[in-house]
Amino acid sequence: MNVYTKIVDNGVDAKALMAAKEALSEAPEAASFQWRARSNWVNGTHCYSEVEQFHGLGEEQSHKRCFRFDADHPEIFASEDNGATPVEYVLVGLASCLTAGIATVAQHRNIQLHSVQATMMGDMDLQGILGIDSEVRNGFEHVKVMFDIDADASPEDIEALVAQSQKRSAVFDIITNPSMVEVEVRS
Amino acid sequence: MNTRYFRQSARRVTTIVIGGGHAGLAISHYLSALSVDHVVLERGEMANSWRRERWDSLRLLTPNWQNGLPGQCYRGTDPDGYMGMAEVVEFIEAYARRSKAPLHTQTTVTAVSPSEGGYKVATNRGEWHCRTLVIATGAFATPVVPAIAQAFPGSIMQLTPHQYRNPDQLAAGGVLVVGAAASGSQIAEEIQHSGRQVTLAVGEHVRMPRSYRGRDIQYWMHHLDLLDESIEDVDDIDRVRGLSSPQLIGTPEKRDLNLNTLSDMGVKLVGRVAGVQGSRLQFSASLANVSRLADLKMLRLLDAIDEAIEQRGLEADKRPPQRPERGRIERSPPLSLNLANSEIKTVLWATGFRPDYSWLEVPVLDRKGRLRHRGGVVASPGLYVMGLPFMRRRSSSFICGADNDARAITEHLVAYLTGNSARRRVA
């Protein structure tokens, strides 16, 4: 067992997370979660989405409040730019997931964080989505994440935090591995 | 083979050991020392899996000096060498002869079930009853092949390390090796060397240099007491039990084996096999990260070795320590491969092994099919296991780990037997 003498607080309740991990390994069915969002078209390329309910620990759950997100496209695409583009939400999702992981792993490894900044870059060739060249894919050709981290740890330990966070990240997994996506239209 | 037992009614013995490999023979040694009446049942010949389920060029990953068994240490002339399979078979045979193990070969256990006061053991040569039973059938009995193997086109030959012998058995053309632990990386190297283009799909792995500061890496693992680390010392036992075997190879020149040596030979590195859609195979984009995780873990091990040399004055090469180059991964490794128009003619699944408990009719498996045990003491009275990864210590699945574990398991087993008989006398 690790015994630490310095007190580290990244605002992560590591004890509660470990207790949850133990509880869920005893009752794997409770670990089955479903995440949900509902999206509505507004006008043009503008949508707004809401996130509130989800399912987990064997029952319906709810966020503290309903979160709303506007998505649109910039004016150079002749759109009204009422929100970030959907692909930017993907970058936001990846950054948020990796950063949350870094804070959690740092707490677990007794590393005090002072600042964590992720700069996200997703390279895309628009010839794909515009149907100009069928050999170009629609999605990102390359995603680059640059972390600037100030923490009480050696560069190798910080590098290991970031590597471990990728290993355990849901969004990193979703982006780096294929996922089954089923799309239906309700009649 | 002696057949006089045929058609006899069930035989009784205090203890049955299933498996005549190094682990079964090690526990037999201690059972004999404590006069526990027992037999060792072996499905084939002694050391069967070393004879029949290993490729031709394979050598042990541990040097000879390290492979001691109870009452026998290495006495040969090449303590730093690595045994090939014929030598391993010879080594185990010699051990069995010396220890006079009560071995029954060509005896395949078909079922083990609870019975009055112990266990009933059905074999192809009749039935046995015992009070205590030790499972020593090995952790590597069955190659694990992922379900997506079924989605591969029939024109592609699929093999596991148990079936692979040498490159000559493969068709001409490219080979996809899936898995970069000890088996996958060794086989990838050998096949690439045969002139076939190898693509290696790399998931999480463990990297180690063959030697560091003038000594075999196993020397340092031994002297840092890492092999003796017990299940009490680790935070997450399931994680360490699931670790893959390190990228190591036992060669006279003690060469390294890692992603860099493989790509220098021309092996193409891709990410873990993530899926197959039609004839298109998809690879994970996590290759750079698994390589980085392995590098960082290796560097922490080398740091610990440096520290131990410094603090404990361990004997080492006087030259300043050289750190291995980190894994070189191209910026955008391929994320997919079309099997229909690729050069790949063979897929070799080096995706791990698991024990085979298909004959075990005692309710001791968890929902993942793993044996429920604490340090080899299985969750059913009088039932024990040997040789699983990190069963009691990091060395539990090593040849050299059998001694400690066999002694501890025998002690528990004898205490169980005497406890039982004491109660019976009181009653």
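Residues numbered from 1 in each chain as written. Chains lettered and ligands numbered in written order. Predicted model: local features only at pLDDT ≥ 70, side-chain atom pairs only at ≥ 80, totals over all residues. Heavy atoms only, no water.

A few points about the overall build of chain B
1) Next: Regarding its fold elements, chain B presents 9 helices and 21 strands.
2) Next: At 23 Å, chain B has a C-alpha radius of gyration in line with the 22 Å of a compact globule built from 427 residues.
3) Next: Once the C-alpha set of chain B is aligned to its principal axes, its extents read approximately 75 × 60 × 40 Å.
4) Next: Per-residue burial over chain B gives 52% buried out of 427 residues.
5) Next: In chain B, the proportion of contacts linking residues at least 24 apart, taken out of those at least 6 apart, comes to 70%.
6) Next: One finds the centroid of the 53 positive side-chain charges in chain B at a distance of 5 Å from the centroid of its 44 negative side-chain charges. (Helix = DSSP H or I, 4+ residues; strand = E, 2+ residues; numbered from the N terminus. Rg over C-alpha atoms; globule rule 2.2 N^0.38 Å. Buried < 20%, exposed > 50% of the residue type's maximum accessible area, 1.4 Å probe, protein only. Contact = heavy atoms within 4.5 Å. Lys, Arg positive; Asp, Glu negative; His and termini not counted. Charge placed at Lys NZ, Arg CZ, Asp CG, Glu CD.)

Quick notes on the overall build of chain A
1) Next: Summing up its helical and strand segments, chain A has 4 helices and 6 strands in all.
2) Next: In chain A, the order of α-helices and β-strands from amino to carboxyl end is α-β-β-β-β-α-β-β-α-α.
3) Next: The buried share of chain A, taken over its 187 residues, is 26%.
4) Next: Relative to all contacts within chain A whose residues are 6 or more apart in sequence, the contacts with residues 24 or more apart total 50%.
5) Next: A total of about 13000 Å² of accessible surface is found on chain A, and carbon and sulfur atoms cover 54% of it.
6) Next: Charge-centre separation for chain A: the mean point of 14 positive side chains lies 8 Å from the mean point of 29 negative side chains. (Areas by Shrake-Rupley, 256 points an atom, 1.4 Å probe, with all protein chains shown as cover.)

Quick notes on the packing of helix 3 (residues 155–167) of chain A against helix 8 (residues 287–312) of chain B
1) Next: Where helix 3 of chain A contacts helix 8 of chain B, the two axes come as close as 10 Å, and the packing angle between them is 140°. Between helix 3 of chain A and helix 8 of chain B, the angle is such that the two are oblique. Remark: the crossing between helix 3 of chain A and helix 8 of chain B carries left-handed chirality. On the side of helix 3 of chain A, the interface is formed by A:E156, A:E159, A:A160, A:A163, A:Q164, A:Q166 and A:K167, while helix 8 of chain B contributes B:N289, B:R292, B:L293, B:L296 and B:R300. (Axes fitted to C-alpha atoms, helices over the stretch in contact; angles between N-to-C directions. Parallel < 35°, antiparallel > 145°, perpendicular 65-115°, else oblique. Left-handed = near helix turned anticlockwise from the far one by under 90°.)

Considerations on the domain arrangement of chain A
Residues and elements named next belong to chain A.
1) Next: For chain A, the domain assignment lists domain 1 (33–84) and domain 2 (85–177).
2) Next: Distance between the C-alpha centres of domain 1 and domain 2: 21 Å.
3) Next: Taken together, the contact between domain 1 and domain 2 spans 9 residues of the former and 5 residues of the latter.
4) Next: Between domain 1 and domain 2 the total buried area reaches about 480 Å² when both faces are included, carbon and sulfur atoms providing 76% of it.
5) Next: Remark: the boundary between domain 1 and domain 2 carries 0 salt bridges. (Domains from an automatic or database assignment. Buried area = accessible area lost by both parts, 1.4 Å probe. Salt bridge = Lys/Arg side-chain N within 4 Å of Asp/Glu carboxyl O.)

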